[in-house]
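Listed here are the chains, written in short residue letters.
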Amino acid sequence: MITRTRLAAGACALLAALAAGMTFPAGAVAGEPTGEDAPKVDLVLDVSGSMRTRDIDGGTRMAAAKQAFNEVLDATPEEVQLGIRTLGADYPGDDRKTGCKDTAQLYPVGPLDRTEAKTAVATLSPTGWTPIGPALLKAADDLEGGNGSKRIVLISDGEDTCAPLDPCEVAREISAKGIGVTIDTLGLVPSTKLRKQLSCIAEATGGTYTSVEHTDELTDKVNQLVDRAADPVVTPVAIEGADACAKAPTLKSGLYTDREEFGQQRWYRVDVEPGQELRASVSVGADRAVNPSYGVLLRAVTVHGREIVRGEAAGNGRTDVLSTGLRYPKQESDEEDAPAEAVCLQVTNSFSVASGVKTTPGLPLELTVDVVDGPGDSDDVAAFGLGRGWWLLGLLVLVGFVAGLLWGWLSRWRFAVWRTN
């Protein structure tokens, strides 16, 4: 019984090892962390009149924000370039047009002088409107340039008061620029409407939303987000896919971002040499309210339109991102100077929205392309025939057959010895 259990465990371990080699291939790196430029963070603080409200630890919301900012400035890593932008800090009047332009750079994004930054924060007093959309547009301009990580941390206690410049649409436009800005939002009031708006802003750029009701929570969260900006990141390259394979841009191994409208097709090309393997994956995010039941299709086809391989995934409204991938090994050629094969990648989505929801800009799309040496060495699990399931099945059947014969022979021998004794 013990021998039989060990044999079964060994076969399962072999199957698990082979499956792991197929699911998590080594060497499939599609992009490297960038660290040439310093990370940048722009803290965007709401200084509108409602920040006078006394409901955070017995003090005003403004006092809590100032205390949190002072502690964050003390803890900011040396390598992070930090700036502070305000909204609603200067205009106390009733003219909406003027109030919706009230955003200013309190401290420029750059090497941090803690004393100077704290002095600037100390001068703030709750004043005017809440122009979140205009402030985000300016904050994105504050962070332009360089290839390090870029983060906007928005802290507000109320909804935007300057519609129709919808801050959610502004966040999508910032994401569509391809400058790699992530917007994190923090709400100082447990309001359903505020949570919905700030969540929408964060989701549009891959950021996070947090509701905070105490000064120490605010301090801890802002510190966490500033520290996160200092972590190495892979900066995707913004590209624009074509509407046909013949017009598609040619991509190398790397990480790319694009925008795809609802029901649209996007095409890209990758050159694959004989003996290489193409590995590609795509993720399409729903950065606005979409109808349930949707899908994403990634196809690899020849320049003549013949499908080589495909990957597809479907969703039912429970996730905001849908991903799929594919692998295509190009056989080696007997010719010494065999040309590379142009493989066209087609990305299609079946997302849809209800009437009244804007369809532009398109949905955020992230494409990973990796062209690596194809399986061939004996230490490569793929050389055992992964991707050709019949070979693996045949190997397991053979191993099971031999193990069964050996177990039967041992059982008969042990029974014969027992009878003899």
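The structure this text deals with has already been given above.
The model shown is predicted, which means the values in this text are computed figures rather than measured ones.

J.: So what about the overall build of the protein? Which residues, and what values?
T.: Per the secondary structure count, the protein includes nine helices and 18 strands. Counting all 421 residues of the protein, 43% fall into the buried class. Here the analysis covers contacts within the protein between residues at least 6 apart in sequence; of these, 76% occur between residues at least 24 apart.

J.: With reference to specific residues and values, describe the packing of aromatic side chains.
T.: Tallying each qualifying case throughout the model produces one aromatic pair. For the pair Tyr294 and Phe351, a centre-to-centre distance of 4.4 Å together with 15 degrees between the ring planes defines the contact as stacked. You can see Tyr294 sitting in strand β14 (residues 294-302) and its partner Phe351 sitting in the loop between β17 (341-349) and β18 (363-373), a full 57 residues away along the chain. For Tyr294, a relative accessible area of 4% corresponds to the buried category.

J.: Before we move on, could you go through the nonpolar core and cite the residues and values that matter?
T.: Formed by 32 residues in total, the largest nonpolar core has its most connected members in Leu43, Leu45, Ile155, Leu186, Leu218, Val222 and Val226. Broken down by secondary-structure element, the contributors of at least two residues to this core are β1 (40-46), α2 (61-75), β4 (81-87), α4 (114-122), β6 (150-156) and α8 (215-229). Sort the elements by how many residues they give to this core and α2 lands first, with seven residues. The residues contacting Leu43, other than those within four sequence positions of it, are Phe69, Leu82, Gly83, Ile84, Arg85, Val153, Val222 and Val226. Residues Ile239, Phe262, Val282 and Tyr294 belong to the second largest nonpolar core, which totals 28 residues.

J.: Give a detailed account of the pairing of strand β12 (residues 265-272), specifying residues and quantitative values.
T.: Pairing analysis gives two bridges linking strand β10 (residues 250-251) to β12, with the strands arranged parallel. Bridging from a neighbouring strand, Thr250 pairs with Arg269 of β12. Where β12 and β17 come together, eight bridges link them in antiparallel fashion. Directly across from Trp267, in β17, lies its bridge partner Gln346.

J.: Explain the sheet that holds strand β16 (residues 321-329) to me, and be specific about the residues and the numbers.
T.: One open sheet holds the five strands; their spatial order is β9-β11-β18-β13-β16, and the pairing between them is mixed. Since the sheet does not close on itself, it has two edges, and those belong to β9 (237-238) and β16, each with one partner. Here strand β11 (residues 254-260) pairs with β18 via seven bridges, running antiparallel. From the neighbouring strand, Glu260 faces β18, where its bridge partner is Leu363.

J.: Mind laying out the environment of Val303, listing which residues take part and the relevant values?
T.: Here Val303 lies in the loop between β14 and β15 (307-315). As a C-alpha pair, Val303 and Arg269 span 34 residues in sequence and 9.0 Å in three-dimensional space. If sequence neighbours within four positions are ignored, Val303 has contacts with Cys245, Arg269, Ala342 and Cys344.

Definitions and limits used
- Residues numbered from 1 in each chain as written.
- Predicted model: local features only at pLDDT ≥ 70, side-chain atom pairs only at ≥ 80, totals over all residues.
- Heavy atoms only, no water.
- Helix = DSSP H or I, 4+ residues; strand = E, 2+ residues; numbered from the N terminus.
- Buried < 20%, exposed > 50% of the residue type's maximum accessible area, 1.4 Å probe, protein only.
- Contact = heavy atoms within 4.5 Å.
- Phe/Tyr/Trp six-rings, centres within 6.5 Å; stacked < 30°, edge-to-face > 60°.
- Core = buried A, V, L, I, M, F, W, Y, C linked by side-chain atoms within 4.5 Å.
- Pairing = 2+ DSSP bridges.

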